[in-house]
Amino acid sequence: MIDKQNTAESELAGFEPGTRVVNLEKGRRAFLQTLGLGIAGAAILGNTTIQSQAQALPSSVTDADILNFALNLEYLEAEFYLNAVNGTGLKAADLQGVGAIGAVNGGGRAVPFTDPNVRKYAFEIAADEEAHVRFLRAALGSAAVSRPRLDIDFAFTAAARAAGLIGANDRFDAYANDTNFLLASFIFEDVGVTAYNGAAGAIQNKTYLSAAASILAVEAYHAGIIRTTLYAKGLINQADAISNARDSLDGNTDLDQGISGTQSATPGFQFSDANLVPTNAQGLVFARTPGQVLNIVYLNTTQSPGGFFPGGLNGTLR
């Protein structure tokens with residue numbers, strides 16, 4: 001069993017003394033058994049039969065459908081990061097579109113950053129995510145969907161419970177401090193990269209494809225910042241646990257990778273080695289289908305609205 005590293009950091013992140021430590025060396029498939037989620041975990045993860053884990057995009061899906069799928073994810077990221085740095089989210093002019101505008105559950109608030117570098121990272125990422133929302137809305141024009149209903153409060157608690165970061169009755173405050181902010185960011189930061197990579201091949205319009213590739217690169221930079229900072233702060237077990245939780249949602253394949261060396265696809269890596277760039281054995285980033293992405297952001301295995309999107313995504317791919 002791997003001991004937690006940096007106990008002081010763990011306590012800041014909401015860990016209680018005596019919290020069960022997840023055995024990260026037994027493999028992701030044993031993760032749920034090791035975690036022992038009980039009733040709370042069953043409610044979060046739902047049926048263990050994972051739906052549409054290899055779902056391909058149907059031929060009826062248009063470029064606009066794909067961009068709107070991405071726009072939903074950008075709404076989520078923008079609201080989280082803007083609230084974390086400013087205490088407020090997107091402007092009213094960036095919300096309207098096809099369908100009713102959804103509320104943001106829990107709101108969010110400015111993080112009292114103590115590490116000036118983490119604060120700078122957060123401000124830069126927030127600005128990028130706001131720009132992504134505006135870019136996609138402009139590209140879609142009148143076809144752009146409105147912001148869906150979002151949860152940027154309790155959804156983080158549900159995810160943290162599923163990852164074993166906190167107890168079944170504890171709450172996780174994503175805005176409490178630098179550590180919690182970084183762990184909350186990691187919960188969905190890698191998902192955006194794999195979502196764009198998974199959808200890129202279905203985009204027909206070359207202009208849209210180029211734009212999606214550019215956004216994918218930016219999201220990868222963001223993910224790299226978060227992964228590197230977590231590693232530098234010694235939050236390795238925690239990040240690996242979050243990765244395992246994501247992997248338990250996105251299908252029976254072993255896709256997700258944490259930041260310890262044992263999570264790397266590179267043969268011979270040890271736990272003490274770093275895995276800051278999650279790639280396959282060929283050095284390529286992996287991709288997720290829309291169904292796999294939905295399972296993660298909905299925090300269940302049946303693609304049922306919930307988690308960060310209590311009312312589901314807006315648009316065709318939902």
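Details of the structure are given in the entry above.
Overview of the structure. A quick note: this is a predicted structure, and the numbers were derived from the prediction, not measured.

## Notes on the side chain of Ser 260
Inspection of the secondary structure assignment puts Ser 260 in the loop between α9 (236-249) and α10 (290-298). Under the relative-accessibility criterion, Ser 260 is labelled buried at 0%. A distance of 2.5 Å separates a polar atom in the side chain of Ser 260 from a polar atom in the side chain of Asp 240. Residues within four places of Ser 260 in sequence aside, it is in contact with Ile 236, Asp 240, Phe 271, Asp 273 and Asn 275.

## Things to note about the packing of aromatic side chains
When we look at a pair of aromatic rings, we describe it by the centre distance and by the angle of the planes. With the rule as written, the count across this model stands at 11 aromatic pairs. Aromatic pair Phe 80 and Phe 181: ring centres 5.7 Å apart, planes at 20°, arrangement stacked. In this pair, Phe 80 sits in helix α4 (residues 63-86) while Phe 181 sits in helix α7 (residues 178-200), placing the two residues 101 residues apart along the sequence. What links up through ring pairs into an aromatic cluster is the set Phe 80, Tyr 81, Phe 113, Phe 156, Tyr 175, Phe 181, Phe 188 and Phe 308.

## With respect to the environment of Tyr 75
By the secondary structure assignment, Tyr 75 is in helix α4. Considered as a pair, Tyr 75 and His 132 are 57 residues apart in the sequence and their alpha carbons are 8.8 Å apart. In this structure, Tyr 75 is in contact with Leu 90, Asp 94, Leu 95, Val 133, Arg 137, Val 145, Ser 146, Arg 147, Pro 148 and Leu 150, ignoring residues within four places of it in sequence.

## A closer look at the packing of α4 against α7
One can describe the packing of α4 onto α7 by two numbers: an axis separation of 11 Å at closest approach and a directional angle of 160°. Comparing the axis directions of α4 and α7 gives the class roughly antiparallel. For the pair α4 and α7, the crossing hand works out as left-handed. Taking contact as the criterion, the partners of Ile 66, Ala 70, Leu 73, Glu 74, Leu 76, Glu 77, Phe 80, Tyr 81 and Ala 84 in α4 are, on α7, Phe 181, Ala 184, Ser 185, Phe 188, Glu 189, Ala 195, Tyr 196 and Ala 199. When its residues are assigned to classes, the contact of α4 with α7 shows 13 nonpolar, 1 polar and 3 charged.

Conventions used here
- Sequence order sets the numbering: in each chain, residues are counted from 1 along the sequence as written.
- In keeping with the model being predicted, local features are shown solely for residues with a pLDDT of at least 70 and side-chain atom pairs are shown and tallied solely at 80 or more, while totals for entire chains, interfaces and linings include all residues.
- Side-chain figures throughout are based on the complete set of non-hydrogen atoms in the structure, without hydrogens or water.
- Helix and strand assignments follow DSSP, with helices taken as H or I runs no shorter than four residues and strands as E runs no shorter than two, numbered in order from the N terminus.
- Under the scheme applied here, a residue whose accessible area is under 20% of the maximum for its type counts as buried, over 50% as exposed, and between as partly exposed, the area being computed with a 1.4 Å probe on protein chains only.
- In protein, a polar contact means a hydrogen-donor-capable atom and an acceptor-capable atom, both N or O and within 3.5 Å, with residues adjacent in sequence counting only if both atoms are side-chain atoms; elsewhere, any N or O pair within 3.5 Å suffices.
- Any two residues having at least one pair of non-hydrogen atoms within 4.5 Å are treated as being in contact.
- Stacked, tilted and edge-to-face are the three classes assigned to paired rings of Phe, Tyr and Trp, where Trp is represented by its six-membered ring and a pair needs centres within 6.5 Å; plane angles under 30 degrees give stacked, over 60 edge-to-face, the rest tilted.
- What counts as an axis is a line fitted to C-alpha atoms, over the stretch in contact for a helix, and the angles between N-to-C directions run from 0 to 180 degrees.
- Put simply, angles under 35 degrees are roughly parallel, angles over 145 are roughly antiparallel, angles from 65 to 115 are roughly perpendicular, and the rest are oblique.
- By definition, any crossing whose near helix is turned counterclockwise from its far helix by less than a right angle is left-handed, and any crossing with a clockwise turn is right-handed.
- Residues are grouped as follows: Ala, Val, Leu, Ile, Met, Phe, Trp, Tyr, Cys and Pro are nonpolar; Asp, Glu, Lys and Arg are charged; all remaining types, including Gly, are polar.

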